[in-house]
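Coordinate inspection notes
Letter by letter, the chains look like this.
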Amino acid sequence: MFEKPPLRWIDEMRAMLRLAAPLVGANLLQMAVFAVDVVFVARLGPEALAASSLSVSLFGLLIWSMSGLVGAASPLIAAELGSRRHAVREVRRTVRMAGWAGLLAAFVAMGVCLLGGPLMQVTGQDPGVIARAIPFLAVLSLASIPAVIAALLRTVVATLGRPGIGTAITGMAVAVNALGNWMLVFGNLGAPEMGLQGSAISSVITSTAMLIAFMLVIRFDRRLHRYRLLGRWWKPEWKRFADVLRIGLPICGTIIAEAGMFNGAAFVMGRIGEVELAAHTLALQFAAIAFQVPFGVGQAATIRVGLAFGARDSAAIALAGKVATQLGIGFMVISAGIMMAFPGQLLHLYIDPAAPENARMVELALQYMVVAAAFQLFDGAQAVAAGMLRGLQDTRFPMLIAIFGYWVPGVGTALWLGLFTSVGGLGVWIGLLVGLLFVAGLLLWRWSMRARLGLLPAG
C-alpha cells in the first residue's frame, strides 16, 4: 500500500504535499467549526458571548490536548506500515488501544467541564457570565467522547493514506454546526428557541455527526475496510496501550504547555488594559490562522518520518525532515512578509481601522503584528520539528523542552516586560517570541543530533 519512502527531493516534496494539504485544510475548517458558534451567539448579547467564549476556550483546549494523546496512533501506525510486518493486525491493535485511551481522556475532559464554574471563579470572571456558562458547559461536555474519538479516526485515516476524508468530514461539520445553531439558537424550521443552550446542543450534534461519518467511511471505504479498525474493540492489548500512553501523554503535555503560555499572555494583557487585550486578540487571530499550515506540515512529517522509521531507513528519515522543514518555514516566511507588508488590510477584515474609536487599538495591534511576523518563523519551526520528532516516537524530552521554553524564558519575559516595565503589551509579545525561539531552537537541535542521541532505528 505504501511505497518505500523516496530518496529524491522532488518525490518527497510531492508526497509531503499530498499529505499536508488536506491536513492543513482540515485544521482551518476545525477553526471554522468553533467560529460558527461565535457568529450566532454574538447576537444574543455580550454576556452570552462571554459565557460561550470562555466555555468553548476551555473545551477547545481540552479536546486539543486529548487529541494529542490519541495522536500517538499516527507515529505507531506509520512505523508499522513502514516495517511491513503484520501491518493490518498491528494497525488494528493500535487504533483499538488509542480508542481506549481516548475514552478515558474524554471522561477526564467531561469532569473538567463540570468543574468549569469553580475554575472561572478562581480566574475572577463576572458572576453573571459564570451563571450562564455552567449549564452551557454541562451540555457541551457531552461532546467530549465523540470529539476525541473523531479526532483519533481523523488521524488514523490520514496516516493510512486518506487525509482528504478528514477535510471533507470537517467541512461537513461546519455546515452541520451552522444549521444546528441557526435552528436551535433562534428557533428556526420549527425547532425550539433555546438561546445559548441551543448552541451547546448544536456542538454535541456536530461532534456526533463527525464521529458517525468517520465510522461509515471506515466501514465502506475499500482501502480502509481491509484493516477492520472497528473490530474486536473489547479486546485489550496492554503493551500497545502502554505505547500509546508513552508517546501520547507527552504530546498532550506539550500542547498544554504551549496553550498555557498563550492563554497566560491573554490574562497578562487583561491586567495591562482592555484595549491592549483587544489588540492582542486581533493580532493573534492572524498568527493562529497562519500556524495551521506548519501544524499540518508537522502532522504530515510525523507520518512520513514514521514510515521511514519503520522501514529503518535513516536516509529517508533525513530527507523527510529536510523537506518538512523547508515547507513549513518557507510558508511562514511568506505569511510573515504578508503581515509586515499589509497589516492595515488584514485588520480591516475584523474592524474599521479608520474609525476614531479604534485608533488606539489599531496602533497597538500594528505593533504586536510586527512581533507576530517575527515569531511566525519560530512558531512554524517548532511545529514542524515537534512533528518530525514524533515520527521517531520521541515525545518525552520534547515535552520537557516545551515546558521549560514556554514557561521559563517565555512567560518569564512576558511577565517582566509586560507588568514591570514601560514596554507594556509589546513586552508580552516579546515574551511569546522568546518562548517560541527557545523551543524551536532546542527541538531543531535535537533533530539534528538524532543519530548521536540514539533516536534512529537500529540496522
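Below is a short write-up of the structure. Worth saying up front: this structure is predicted, and the values here are computed from it rather than measured. (Residues numbered from 1 in each chain as written. Predicted model: local features only at pLDDT ≥ 70, side-chain atom pairs only at ≥ 80, totals over all residues. Heavy atoms only, no water.)

Things to note about the side chain of Ser 144
Here is the rule: Per the convention used, a helix needs a DSSP run of H or I reaching at least four residues, while a strand needs a run of E reaching at least two, with both numbered from the N terminus. Contacts described as polar in this section are N or O atom pairs within 3.5 Å, which, within protein, must combine one atom able to donate a hydrogen with one able to accept it, while residues neighboring in sequence count only if both atoms come from side chains. We call two residues in contact when some of their heavy atoms are within 4.5 Å.
Looking at the secondary structure, you find Ser 144 in helix H7 (residues 144-159). Among the polar contacts made by the side chain of Ser 144, one reaches the main-chain carbonyl oxygen of Ser 141 at a distance of 2.8 Å. Those residues in contact with Ser 144 that sit more than four places away from it in its chain are Phe 59, Ile 63, Ala 106, Ala 109 and Met 110.

Digging into unusual backbone geometry
Keep in mind that most residues, glycine aside, have a negative phi and that most peptide bonds are trans. The phi dihedral of Leu 189 falls on the positive side, at around 55°, and the residue is not glycine. Inspection of the secondary structure puts Leu 189 in the loop between helix H8 (163-186) and helix H9 (196-220). Phi at Arg 312 is positive, roughly 55°, even though this residue is not glycine. Checked against the element boundaries, Arg 312 lands in the loop between helix H12 (274-310) and helix H13 (314-341).

A word on the packing of helix H1 (residues 9-41) against H12
Helix packing geometry: the angle between the two helix axes and the distance between the axes. Worth spelling out the cut-off: What counts as an axis is a line fitted to C-alpha atoms, over the stretch in contact for a helix, and the angles between N-to-C directions run from 0 to 180 degrees. In this scheme, roughly parallel covers angles under 35 degrees and roughly antiparallel covers those over 145, while 65 to 115 is roughly perpendicular and the rest are oblique. A crossing counts as left-handed when the near helix is turned anticlockwise from the far one by less than a right angle, and as right-handed when that turn is clockwise. Polar here means any residue other than Ala, Val, Leu, Ile, Met, Phe, Trp, Tyr, Cys and Pro, which are nonpolar, and Asp, Glu, Lys and Arg, which are charged; Gly is therefore polar.
For the pair H1 and H12, interaxial distance at closest approach is 7 Å and the crossing angle is 135°. Taken together, the axes of H1 and H12 lie oblique to each other. For the pair H1 and H12, the sense of crossing is right-handed. Contact with H1, carried on its side by Glu 12, Ala 15, Met 16, Leu 19, Ala 20, Leu 23, Val 24, Asn 27, Leu 28 and Met 31, involves Ala 288, Ile 289, Gln 292, Val 293, Phe 295, Gly 296, Val 297, Gln 299, Ala 300, Ala 301, Ile 303 and Arg 304 of H12 and no other residues of that element. In terms of residue class, the contact of H1 with H12 is built from 16 nonpolar, four polar and two charged.

Examining H1
Every α-helix winds through 3.6 residues per turn, so residues three or four apart in the chain are directed the same way. So the rule is basically this: Between the first and last residue of a helix there are one fewer steps than residues, each counted as 1.5 Å, and that sum is the expected span. Throughout, bend refers to the angle between the axes fitted to the seven residues that end at a position and the seven residues that start at it.
An ideal rise of 1.5 Å per residue puts 48 Å on 33 residues; H1 measures up with 48 Å between its terminal C-alpha atoms. Maximal helix bending in H1 amounts to about 25°, located at Phe 34.

With respect to the side chain of Arg 446
Along the chain, Arg 446 falls in helix H17 (residues 425-448). In this structure the side chain of Arg 446 is engaged in a polar contact, spanning 2.7 Å, whose partner is the side chain of Asp 394. Sequence-distant contacts of Arg 446, defined by excluding residues within four places in its chain, comprise Leu 389, Asp 394, Phe 397, Pro 398, Ile 401, Leu 453 and Leu 455.

Quick notes on the packing of aromatic side chains
Worth spelling out the cut-off: Stacked, tilted and edge-to-face are the three classes applied to pairs of Phe, Tyr and Trp rings, where Trp contributes its six-membered ring and a pair requires centres within 6.5 Å; stacked means planes under 30 degrees apart, edge-to-face means over 60, and tilted covers the rest. Burial status follows relative accessibility: with a 1.4 Å probe on protein chains alone, a residue under 20% of its type maximum counts as buried, one over 50% as exposed, and anything between as partly exposed.
The final tally for this structure, using the stated rule, is ten aromatic pairs. Ring plane angle 90° and centroid distance 5.9 Å describe the contact between Trp 238 and Phe 241, whose orientation is recorded as edge-to-face. Here Trp 238 pairs with Phe 241, and both are found in helix H11 (residues 238-272), just three residues apart, close to one helical turn. You can call Trp 238 exposed: its relative accessible area is 56%. Here the aromatic rings of Phe 291 and Phe 295 are separated by 5.6 Å at their centres, their planes lie at 15°, and the arrangement is stacked. Here Phe 291 pairs with Phe 295, and both are found in helix H12, just four residues apart, close to one helical turn.

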